[in-house]
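Descriptive structure summary
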Amino acid sequence: MHKQWMALSKQAEKNLKQYQEQNLPGFLLALAGELANDEKPVESRKLAGLILKNALDAKEQHRKFELLPAHTKQATLETLGYICEEVSSMWWQDHVNKILTAVVQGMSNSESNNDVRLAATRALYNALGFAQANFSNDMERDYIMRVVCEATLSPKWECLKEILVGDWTDGILCSIGMPVIKGSERYNCQVMCLNRKIIMIRPKLWLANDGNYRELRWFTAWKQKDQLVDFQLPNEISEALSQKSVPFGYGFLQFLDTAVAVEVCEELFTPVPPHADLALNGVEVFMNASGSHHQLRKLDYRIRSFISATQSRGGVYMYSNQQGCDGGRLYFDGCSCVVVNGDMIAQGSQFSLKDVEVVVAQVDLDAVASLRGSISSFQEQASCKTRIASVAVPYSLCQSFNLKMSLSSPLQIVYHPPEEEIAFGPGCWLWDYLRRSGASGFLLPLSGGADSSSVAAIVGCMCQLVVKEIANGDEQVKADAIRIGHYTDGQFPTDSKEFAKRIFYTVYMGSENSSEETRMRAKKLADEIGSWHLDVCIDSVVSALLSLFQTLTGKRLRYKVDGGSNIENLGLQNIQARIRMVLAFMLASLLPWVHNKPGFYLVLGSSNVDEGLRGYLTKYDCSSADINPIGSISKQDLRQFLRWAAAHLGYSSLAEIEAAPPTAELEPIRSNYSQLDEVDMGMTYEELSVYGRLRKIFRCGPVSMFKNLCYRWGARLTPSEVADKVKYFFKYYSINRHKMTVLTPSYHAESYSPEDNRFDLRQFLYNARWPYQFRKIDQLVKELDGEKIPFKEASEQELMVAASAVGGMGVVAAGSGNPKAGH
């Protein structure tokens, strides 16, 4: 009888435990119901209470946490975060352990509520000061970091899982970019997938960490190039794919009929690119998933790299590039392509409003083997190559000989001239920015000068591109245009001028110093584009501020032409410029409301790269805006663009605007005086471009710039005159460098952009006297007999040869005049 009772008791305990594990909330609810029921036997209620107490005992803290409602978890974790932020770090370790347990549980993948996970992450950040002991324990540190990494990277794995559980990779080798954590390091990786399986993860070997890129902020480079290691897949991926691990590292995929490898973005442009050794190891197909940004005249450099990669060693190079705005200053300009043995056989668009573009080519891989077999040096080097690890894939990628499928033939590479690049690159960038920002359009202070007119023409070009893509059947562009333009009743843009009227305000803000010519040019251009144009006189606002100043100080300001000082003259100009900035932002926020439109307008800036370099702009004037499509484009390129746009965009008034001398119109016009930009600056825009390239691209300081310009300008200027120009530039560059800290975020198009927020990380406080450098220049001038022209004037033929040269990186003096330098 006793044995029978013991058996029943064990069976009951087993059933209770099974119920508890399978449905804990239901189990606890049943116990609570038993305990609360007065009609149940006392012993039964006592037993239910005891089991309930044990189930909620501190031995399984995480089970108690799981039972809490989401809002209670969130509030608890936020409270813990505040406590950790405020109190002293002198806590008992037992308390720290309990806090970390709750926090880590809240961050784990088992927690489905994202608000709870965010509160837990913030609490962990505030608790780090207490957790030194835990992080000194390798096991605890690794566990905490694994939870952190899973919490931050789990969305990427979820996206990858969504792709792989579908039929997207059936019969298609896919290379998908994503960050991957291995151990304690984060790598920028290409995940190779085929037939719903991950077949290899290839981490990036060399990271881009100059110019616009700072990859080392986020990633580390893979150093173990001699082996492939095993990578354990996250649980949710492993379960979904029935795959526990995957090869990880530098290597290639050996299929039954060919070999394929990945080369990631920057690696192509390194001194010893991976494709060189991979080709010697038999790799025939190279896949490069890239994020390469647009820059004027840069595409040729990129394409020459693909051609060079396969011309002397054979191979198929598949290059895929992002296209569109990344939410910052860069526009990624697509031009995905396929190159075989140095021949371009497929090329995608460089500028497009499409979200997705597919480039297709049919290739005969026998051509690769044939070329390699004909190159004796390739055969010799392949025989003594450094062996690279590979992953065997039992699958054939190639199809048998079939006349129904024609092979792709070499084609003429398409290059846009710089004028078209200025129209289409910033135009596509503006559209991407507009549709992603939630704004309803743009507002531009239109002065009738070259810079603001260039911006207006780019917006007009954007409107033309939108209407063209809608006519071509792009439903995404159509949906975005309907939303931004607030079309109703099934209407959508069919005319660029009508679309511009809905999304583009232009404002001429004239003063007593403005001319009738610029006012009429602005009006005519606005009519040609179709913008909603306003003509505003700011004299009353200027007069009010001057009256206020006179009341406060008893001083009345005068322009220099009327006998005033330089300080007065500059102050009077700055007042006008800053009023225009304030008025522009006021109109951008309120005009949609005035016209019963929802949303707000983005203010467009219009200062060019040369004015930024020289500092020829007022801090917080109309150069201060939300975004600037021409802030990294030179004045010379803009003038060429204006001539092109007058003929090709249908804005004929731009020809007259381009021909007019650049002027700020901030000083009074007199019969014997008219304000001109180049006179004000003390240098020409052409000279500014030369200074910019020497300073940034060729890394010249005052002395090295002087030496190189003595060669470049030595046939028309004496060393003394060159010295004066160099000193003058560096003086004003230094004085105005602080303005670079507030430059409007600008479309990046030129490699000598002075913007310091991302591209140019130099200091913004210089000693404008440059005592050592200027002394050294004076010494050199004296040694060179600086009052004599050192070289004979170049012949017309020599000048033409120099102007057409495409090099210049190796000869600084020559490169300073080459717009292609720096790519």
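Attention in this report is confined to the structure presented alongside it. Just so it is clear, the model here is predicted, and its values are computed rather than measured.

1. Details of the pattern of salt bridges
Tallying each qualifying case throughout the model produces 21 salt bridges. Note that glutamate 498 is salt-bridged to arginine 502, the shortest N-O span being 2.6 Å. Residue glutamate 498 and its partner arginine 502 are both found in helix H18 (residues 496-503); the two are separated by four residues, about one turn of the helix. Among the residues examined, glutamate 498 registers a relative accessible area of 30% and is labelled partly exposed. Among the salt bridges present, the one from aspartate 527 reaches lysine 523, with a minimum N-O distance of 2.8 Å.

2. Observations regarding the side chain of threonine 518
Positionally, threonine 518 belongs in helix H19 (residues 516-529). Residue class for threonine 518 comes out buried when judged on its relative accessible area of 7%.

3. Observations regarding the nonpolar core
By size, the foremost hydrophobic cluster in this structure holds 59 residues, and its most contacted members are Trp431 and Phe442. Here this core gets twelve residues from one element, more than from any other, and that element is helix H16 (residues 450-471). If you look at the next biggest cluster of nonpolar residues, it comprises 48 residues, including Ala261, Leu268, Tyr317 and Ile388.

4. Re a nonpolar patch on the surface
A cluster of nonpolar side chains, Val541, Leu545, Leu548 and Leu552, forms an exposed patch at the surface whose accessible area comes to about 370 Å². Of note, leucine 552 is situated in helix H20 (residues 539-553). A relative accessible area of 66% means that leucine 552 is categorised as exposed.

5. Overview of the sheet that holds strand S17 (residues 532-537)
Backbone-to-backbone hydrogen bonds join strands into a sheet, with any given pair of strands oriented parallel or antiparallel. One open sheet holds the four strands; their spatial order is S17-S16-S15-S18, and the pairing between them is parallel. If you trace the sheet from one side to the other, it starts and ends with S17 and strand S18 (601-603), each paired once. Neighbour-to-neighbour, the strand axes of this sheet turn through a mean angle of 25 degrees, independent of strand direction. Strand direction decides the pairing type here: strand S15 (residues 441-445) and S18, joined by three bridges, are parallel. The residue of S18 that forms the bridge with phenylalanine 442 is leucine 602. Against the sheet, H16 contacts S15 and strand S16 (504-510), and its axis sits at roughly 160 degrees relative to S15.

6. Some details on the environment of serine 531
Considering the arrangement of structural elements, one finds serine 531 in the loop between H19 and S17. With relative accessibility at 3%, the residue serine 531 sits in the buried group. In this structure the C-alpha to C-alpha distance between serine 531 and isoleucine 503, which are 28 residues apart in sequence, comes to 7.8 Å. Once residues within four sequence positions are removed from consideration, serine 531 is found in contact with Ala500, Lys501, Phe504, Thr506 and Ala526.

7. Things to note about the packing of aromatic side chains
All told, the structure shown has 29 aromatic pairs when counted by the stated rule. Both rings, one in tyrosine 733 and one in tyrosine 766, keep their centres 5.7 Å apart while their planes meet at 50 degrees; by these two values the pair is tilted. Residue tyrosine 733 is found in helix H28 (residues 719-735), and its partner tyrosine 766 is found in the loop between H28 and helix H29 (771-783); the two are separated by 33 residues along the sequence. The same class applies to tyrosine 733 and to tyrosine 766, which are both buried.

8. So, unusual backbone geometry
One non-glycine residue, serine 242, lies in the positive phi region at around 55 degrees. A positive phi angle, close to 55 degrees, is found at arginine 699, a residue other than glycine.

9. Remarks on the sheet that holds strand S14 (residues 390-392)
The seven strands lie next to each other as S13-S12-S9-S8-S7-S6-S14, forming an open sheet whose pairing is mixed. What marks the edges here is a single partner per strand, and that holds for strand S13 (343-347) and S14. Pairwise comparison of adjacent strand axes, ignoring direction, gives a mean angle of 20 degrees for this sheet. Bridge count for strand S6 (residues 252-254) against strand S7 (residues 259-262) is two bridges, and the pairing is antiparallel. Opposite glutamine 254, over in S7, you have alanine 259 as the bridge partner. Across the sheet, helix H12 (residues 299-311) touches strand S9 (316-321), strand S12 (337-340) and S13, and the angle it forms with S9 is around 150 degrees.

10. A closer look at the environment of phenylalanine 252
For phenylalanine 252, the location among the structural elements is in strand S6. C-alpha of phenylalanine 252 to C-alpha of leucine 278: the two residues are 26 residues apart in sequence and 7.8 Å apart in space. Phenylalanine 252 has contacts with Met200, Ala259, Val260, Ala261, Leu278, Asn281, Val283, Ile388, Ala389, Ser390 and Val391, leaving out every residue within four places of it along the chain.

11. Things to note about the packing of H16 against helix H23 (residues 635-648)
Contact geometry for H16 and H23: axes closest at 10 Å, N-to-C directions at 55 degrees. Put simply, H16 runs oblique to H23. As for the relative orientation of H16 and H23, their crossing is left-handed in sense. Contacts between H16 and H23 involve Ala450, Asp451, Ser453, Ser454, Ala457 and Ile458 from the first element and Lys635, Leu638, Phe641 and Leu642 from the second. Of the residues contributing to the contact of H16 with H23, the split by class is six nonpolar, two polar and two charged.

12. A word on H16
For H16, which comprises 22 residues, the first-to-last C-alpha distance of 31 Å matches the rise-based estimate of 32 Å (1.5 Å per residue) to within 8%. Here H16 lies mainly inside the structure; 19 of its 22 residues are buried.

13. Quick look at the packing of helix H26 (residues 685-697) against helix H27 (residues 702-712)
Contact pair H26 / H27: the axes reach a minimum separation of 11 Å and the direction vectors enclose 135 degrees. One element, H26, and the other, H27, form an angle in the oblique class. Of the two possible hands of crossing, H26 and H27 adopt the one that is right-handed. Packed against H26, whose contacting residues are Val690, Tyr691, Leu694 and Arg695, the element H27 presents Met705, Asn708, Leu709 and Arg712 at the interface. The class makeup of the residues in the contact of H26 with H27 is five nonpolar, one polar and two charged.

14. Quick look at the state of the cysteines
In this structure the tally under the stated criterion is zero disulfides. Cysteine 337 takes part in no disulfide bond, and the closest cysteine sulfur to it belongs to cysteine 335, at a distance of 5.8 Å. Just so you know, cysteine 428 is unpaired, no disulfide at all, and the nearest cysteine sulfur is the one on cysteine 461, 7.6 Å from it.

15. Regarding the environment of glutamate 419
Locating glutamate 419 in the fold gives a position in helix H15 (residues 418-437). Glutamate 419 has contacts with Gln640, Phe641 and Trp644, leaving out every residue within four places of it along the chain.

16. Let's talk about the pairing of strand S3 (residues 197-203)
Most of S3 is tucked away: six of the seven residues are buried. Here strand S2 (residues 185-194) runs beside S3; their pairing, made up of six bridges, is antiparallel. Directly across from cysteine 189, in S3, lies its bridge partner proline 203. Adjacent in sequence and paired antiparallel, S2 and S3 are bridged by two residues, among which asparagine 195 carries a positive phi angle near 50 degrees.

About the criteria used
Residues numbered from 1 in each chain as written. Predicted model: local features only at pLDDT ≥ 70, side-chain atom pairs only at ≥ 80, totals over all residues. Heavy atoms only, no water. Salt bridge = Lys/Arg side-chain N within 4 Å of Asp/Glu carboxyl O. Helix = DSSP H or I, 4+ residues; strand = E, 2+ residues; numbered from the N terminus. Buried < 20%, exposed > 50% of the residue type's maximum accessible area, 1.4 Å probe, protein only. Core = buried A, V, L, I, M, F, W, Y, C linked by side-chain atoms within 4.5 Å. Patch = residues over 30% accessible without salt bridge, like charges linked within 9 Å, V, L, I, M, F, W, Y side chains within 5 Å. Areas by Shrake-Rupley, 256 points an atom, 1.4 Å probe, with all protein chains shown as cover. Pairing = 2+ DSSP bridges. Axes fitted to C-alpha atoms, helices over the stretch in contact; angles between N-to-C directions. Contact = heavy atoms within 4.5 Å. Phe/Tyr/Trp six-rings, centres within 6.5 Å; stacked < 30°, edge-to-face > 60°. Parallel < 35°, antiparallel > 145°, perpendicular 65-115°, else oblique. Left-handed = near helix turned anticlockwise from the far one by under 90°. Nonpolar A, V, L, I, M, F, W, Y, C, P; charged D, E, K, R; others polar. Expected span 1.5 Å × (residues − 1). Disulfide = S-S within 2.5 Å.

Geometry only, nothing functional implied.
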